[in-house]
Amino acid sequence: MRCVIARFPFDLTKSGVLKSMMGVKPEPVTGESVTIGRRTYPVKQVGQVITRQDRRDFSAGEVLRAMTQLGFTCRGLPQTAPTRALSPLQQASAMLGAPAAV
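Residues numbered from 1 in each chain as written. Predicted model: local features only at pLDDT ≥ 70, side-chain atom pairs only at ≥ 80, totals over all residues. Heavy atoms only, no water.

Novice: Can you tell me about the pattern of salt bridges, naming the residues and giving the values?
Specialist: Scanning the entire structure with this criterion turns up three salt bridges. Two residues, Arg55 and Glu27, come together in a salt bridge whose shortest N-O distance is 2.8 Å. Here Arg55 is found in the loop between helix H2 (43-51) and helix H3 (60-70), whereas its partner Glu27 is found in the loop between helix H1 (14-21) and strand E3 (33-36), with 28 residues between them in sequence. Classification of Arg55 as partly exposed rests on a relative accessible area of 25%. Judged by relative accessible area, Glu27 falls into the partly exposed class, the value being 33%. Across the salt bridge formed by Asp54 and Arg56, the nearest N and O atoms sit 2.8 Å from each other. (Salt bridge = Lys/Arg side-chain N within 4 Å of Asp/Glu carboxyl O. Helix = DSSP H or I, 4+ residues; strand = E, 2+ residues; numbered from the N terminus. Buried < 20%, exposed > 50% of the residue type's maximum accessible area, 1.4 Å probe, protein only.)

Novice: Give me unusual backbone geometry: which residues, what numbers.
Specialist: Positive phi, close to 55°, is recorded for Ala6, a residue that is not glycine. Along the chain, the position of Ala6 falls in the loop between strand E1 (2-5) and strand E2 (8-11). Even without being glycine, Arg52 reaches a positive phi, approximately 60°. Overall, the relative accessible area of 75% leaves Arg52 in the exposed class.

Novice: Give me the lowdown on the side chain of Gln45, citing residues and values where you can.
Specialist: You can see Gln45 is positioned in helix H2. Residue Gln45 is classed as buried on the basis of its relative accessible area of 5%. Once you skip the residues sitting within four places of it in the chain, Gln45 turns out to touch Val24, Lys25, Pro26, Glu27 and Arg55. (Contact = heavy atoms within 4.5 Å.)

Novice: Lay out the packing of H1 against H2 with the relevant residues and their values.
Specialist: One way to put it is that H1 packs onto H2 with a least axis distance of 10 Å and a crossing angle of 100°. Taken together, the axes of H1 and H2 lie roughly perpendicular to each other. Between H1, through Val17, Ser20 and Met21, and H2, the contact on the second element is made entirely by Val46, Val49 and Ile50. Among the residues making up the contact of H1 with H2, the classes are represented as five nonpolar, one polar and no charged. (Axes fitted to C-alpha atoms, helices over the stretch in contact; angles between N-to-C directions. Parallel < 35°, antiparallel > 145°, perpendicular 65-115°, else oblique. Nonpolar A, V, L, I, M, F, W, Y, C, P; charged D, E, K, R; others polar.)

Novice: Kindly report on the side chain of Gln53, identifying the contributing residues and their values.
Specialist: Assignment of secondary structure puts Gln53 in the loop between H2 and H3. Aside from chain neighbours lying at most four places away, what touches Gln53 is Ile5, Ala6, Phe8, Phe10, Gln48 and Phe58.

In structure tokens, the structure reads:
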């Protein structure tokens, strides 16, 4: 499959990506990720390995789009629940270890 990453055309195949990522230890995932084989890699790490370019040269979206078209499982940013801000009284109570007065 022909795709453009960082304004450069690449001919990528699923088997070629599998071969490129073989033996590469996954970094900790903190954002978007791609599952290749039984391992989950950060998108930027996959892009760097398959394109041999610096991670700053391409976006995660470009790599996600290409990996999705090749049939790999991709995950976006994890959805986090919004945290409720504590009032100053609740924050002080939490710091003291006492139950907060409502």
